[in-house]
Amino acid sequence: MAKKSKKPAKARKPAKAGGKSRAKPAAKKPATKRSSAKVVKLPARKAAKKTATNGKAAKSALPAPSKKPFGQAGKALDGVRILDFTHVQSGPTCTQLLAWFGADVIKVERPGVGDITRGQLVDVKGADSLYFTMLNHNKRSITIDSKHPQGKRVLNELIKKCDVLVENFAPGALDRMGLTWEHIHKLNPRMIVASVKGFGPGPYEDCKVYENVAQCTGGAASTTGFRDGVPLVTGAQIGDSGTGLHLALGIVTALYQRTQTGRGQKVLAAMQDAVLNLCRVKLRDQQRLERGPLKEYPQYPNGAFGDTVPRAGNASGGGQPGWILKCKGWETDPNAYIYFITQAPVWAKICDVIGKPEWITDPDYATPAARLPRLKDIFATVEEWTMTKTKFEVMEILNKYDIPCGPILSMKELAEDQSLRETGTIVEVDHPTRGKYLTVGNPIKLSDSPTEVTRSPLLGEHTDEILREVLGFDERRISEVRDSGALGLVVPRMAAE
């Protein structure tokens, strides 16, 4: 039973809108017969916490907008530290992107060996390969023998100091190193553990996967190529680099959620899943196929459709039919071609440009539906026009009329494109052992976090620096760890630039 209040609660004072007011005296109530039951007076309710004062919105949890000029207020991921166990391409793509956004990426490598790509496809003797350098910019390198007791202790200390651990080992490798999720989470409950694997949970999860395997198992190869040819893989690294990009998004999402929960989590990007995500239009077409032929595919109307999405050559795969057409010089230049799209809103302009104004009103060509069974002949006619001009002349003419098109650009043409240099999409980097080379810069541009691409690290270049600055080891402790053999043999290391 509730106890009686010692003092009656004071009546709350009603407030006038827009300011304070004094309480009015309560009107006297007529006397009533007292009940024999005891009356328990409860204390007055506390007023709800105010969220606004004088009509003004409550202060946001965000900091006040910086008064520094854009691009001078720090990097987007300043303060985030990544423990990078990745190698080859998928993982390094992810961690390089995070490094470009300002994260401190510590690449853990085997003493004397390092990332296997350092020695693959070597073009300059005695220097790291372009395969390695172009995937490991803006990182620091530390060499640790993970099987050595002292090496394990160093790794444990790094786990405590980092925000994210990223790995793309074969299935089960991290556990065999003793770095299970339970072990990591016990050392650092805020740690995010991000992994690239070939497959997600299921019958194939223990299988190794490389770039072309991912393309084949994710639906890309079966839908790439010409209808009478074999399945083809694409030159774009959608399996490796594509998965790395997916993983980077997962990591920054987990970092944001950690600001709400205070704890880390596991992030998985499976290569099969990433490729399938990039092939979603083909899954769309698989379902459309059950309801009739795919009329924008070159198999229509004379070819046969089976029960699965066919290879469609250079058909656009969307609602706007397109094809690759020859341009002037195609006989000797393997890239003298242009991609041409017969977009419906500009059909009249296309007809005028190629000299076929009668097609504008001709019932066989006037509507998109009428054009679909005649696409092969339409593109052949357009090609007669494009073959009289270079791909750049064709593009210049078509762009005046907003007709979508794109020249087939070679890697040489892209490397020499000055506009890509100016935007930082193509960057020249100087390396201490191989000299200057070109690389692809950050494809994502932030107005308040510009990217400066710095060279990839030499093997173990920052080992002492990381032990000293990140772990707080003094010189005696560093020497002790080094002399134990946990860091590999003592090799000359160049200072970081």
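Residues numbered from 1 in each chain as written. Predicted model: local features only at pLDDT ≥ 70, side-chain atom pairs only at ≥ 80, totals over all residues. Heavy atoms only, no water.

Caption draft 1: Expanded view of unusual backbone geometry. The step from Tyr-300 to Pro-301 runs through a cis peptide bond, and the omega angle for that step is 5°. Its location among the elements puts Pro-301 in the loop between helix H9 (280–289) and strand S9 (322–326). Even without being glycine, Asn-138 reaches a positive phi, approximately 60°. Relative to the assigned elements, Asn-138 resides in the loop between helix H2 (130–133) and strand S5 (139–143). Even without glycine at this site, Asp-402 takes up a positive phi of about 60°. Mapped onto the fold, Asp-402 is located in the loop between helix H13 (391–400) and strand S11 (405–407). (Helix = DSSP H or I, 4+ residues; strand = E, 2+ residues; numbered from the N terminus.)

Caption draft 2: Spatial organisation of the pattern of salt bridges. Under the defined criterion, the tally for this structure stands at 24 salt bridges. In this structure, Arg-118 and Glu-109 form a salt bridge, with 2.7 Å as the shortest nitrogen-oxygen distance. A relative accessible area of 7% places Arg-118 in the buried class. Arg-140 serves as the salt-bridge partner of Glu-465, at 2.8 Å between the closest nitrogen and oxygen. With Glu-465 in helix H16 (residues 463–469) and Arg-140 in strand S5, this residue pair connects regions lying 325 residues apart in the sequence. (Salt bridge = Lys/Arg side-chain N within 4 Å of Asp/Glu carboxyl O. Buried < 20%, exposed > 50% of the residue type's maximum accessible area, 1.4 Å probe, protein only.)

Caption draft 3: Quick look at the side chain of Asp-285. Summarising the element assignment, Asp-285 is placed in helix H9. Exposure remark for Asp-285: the relative accessible area of 0% places this residue in the buried category. Within polar-contact distance, the side chain of Asp-285 engages the side chain of Arg-284 at 2.8 Å. Discounting residues that sit within four places of it in the chain, Asp-285 has contacts with Leu-294, Glu-296, Tyr-297 and Val-309. (Polar contact = N/O pair within 3.5 Å; in protein donor to acceptor, adjacent residues only side chain to side chain. Contact = heavy atoms within 4.5 Å.)

Caption draft 4: Region of interest: helix H1 (residues 90–100). Burial analysis of H1 places 11 of its 11 residues in the buried class, the great majority of the element. Listing the buried residues of H1 in full gives Ser-90, Gly-91, Pro-92, Thr-93, Cys-94, Thr-95, Gln-96, Leu-97, Leu-98, Ala-99 and Trp-100. Trailing H1 by a residue or two, Gly-102 shows a phi angle of about 110°, which is positive.

Caption draft 5: A look at the layout of surface pockets. In this structure, the largest pocket occupies an estimated 1,500 Å³ of space. Around the largest pocket sit 47 residues that line it, and Thr-234, Gly-235, Ala-236, Gln-237 and Met-411 are the ones nearest its centre. Elements that contribute at least two residues to the lining of the largest pocket include exactly H1, H2, helix H7 (240–261), H9, helix H14 (411–415) and strand S13 (435–440). Here the lining of the largest pocket takes 4 residues from H1, the largest share from any one element. (1 Å grid on protein atoms, 1.4 Å probe; cavity = no way out; pocket = protein on both sides within 12 Å on 5 of 7 lines; lining within 4 Å. Points joined across faces, edges and corners; volume = space filled by probe spheres on them.)

Caption draft 6: Representation of the packing of H7 against helix H8 (residues 271–278) within the structure. Where H7 meets H8, the closest approach of the two axes is 9 Å, and the angle between their N-to-C directions is 95°. As the angle between them shows, H7 and H8 are arranged roughly perpendicular. Between H7 and H8, the residues in contact are Asp-240, Thr-243 and His-246 and Met-271, Ala-274, Asn-277 and Leu-278, respectively. Taken together, the residues of the contact of H7 with H8 sort by class into 3 nonpolar, 3 polar and 1 charged. (Axes fitted to C-alpha atoms, helices over the stretch in contact; angles between N-to-C directions. Parallel < 35°, antiparallel > 145°, perpendicular 65-115°, else oblique. Nonpolar A, V, L, I, M, F, W, Y, C, P; charged D, E, K, R; others polar.)

Caption draft 7: Quick look at helix H12 (residues 375–386). When the terminal C-alpha atoms of H12 are compared, their 16 Å separation across 12 residues agrees well with the 16 Å that a helix rising 1.5 Å per residue should span. Looking at the buried positions of H12, the neighbouring elements they touch are S9, strand S10 (337–341), helix H10 (347–353), helix H11 (368–371) and H13. (Expected span 1.5 Å × (residues − 1).)

Caption draft 8: Structural detail: the packing of aromatic side chains. On inspection of all chains with the given rule, the structure shows 5 aromatic pairs. When the ring of Trp-347 is compared with that of Trp-359, the centres are 6.1 Å apart and the planes differ by 5°; the resulting orientation is stacked. A residue pair is termed long-range when its members are at least 10 positions apart, and Trp-347 in helix H10 and Trp-359 in the loop between H10 and H11 qualify at 12 residues. Consider the rings of Trp-359 and Tyr-365, whose centres lie 4.4 Å apart with planes at 10°: the pair is stacked. (Phe/Tyr/Trp six-rings, centres within 6.5 Å; stacked < 30°, edge-to-face > 60°.)

Caption draft 9: Local environment of the nonpolar core. Counting residues in each nonpolar core, the largest one holds 35 residues, and the members touching the most others are Ile-82, Leu-98, Val-164, Val-166, Leu-247 and Ile-251. Only H1, strand S6 (164–167), strand S7 (192–197), H7, strand S8 (266–270), H8 and strand S12 (426–431) provide two or more residues apiece to this core. Discounting residues that sit within four places of it in the chain, Val-164 has contacts with Arg-81, Ile-82, Leu-83, Met-191, Ile-192, Ala-194, Ile-251 and Leu-255. Residues Phe-85, Ile-159, Phe-473 and Val-481 belong to the second largest nonpolar core, which totals 28 residues. (Core = buried A, V, L, I, M, F, W, Y, C linked by side-chain atoms within 4.5 Å.)

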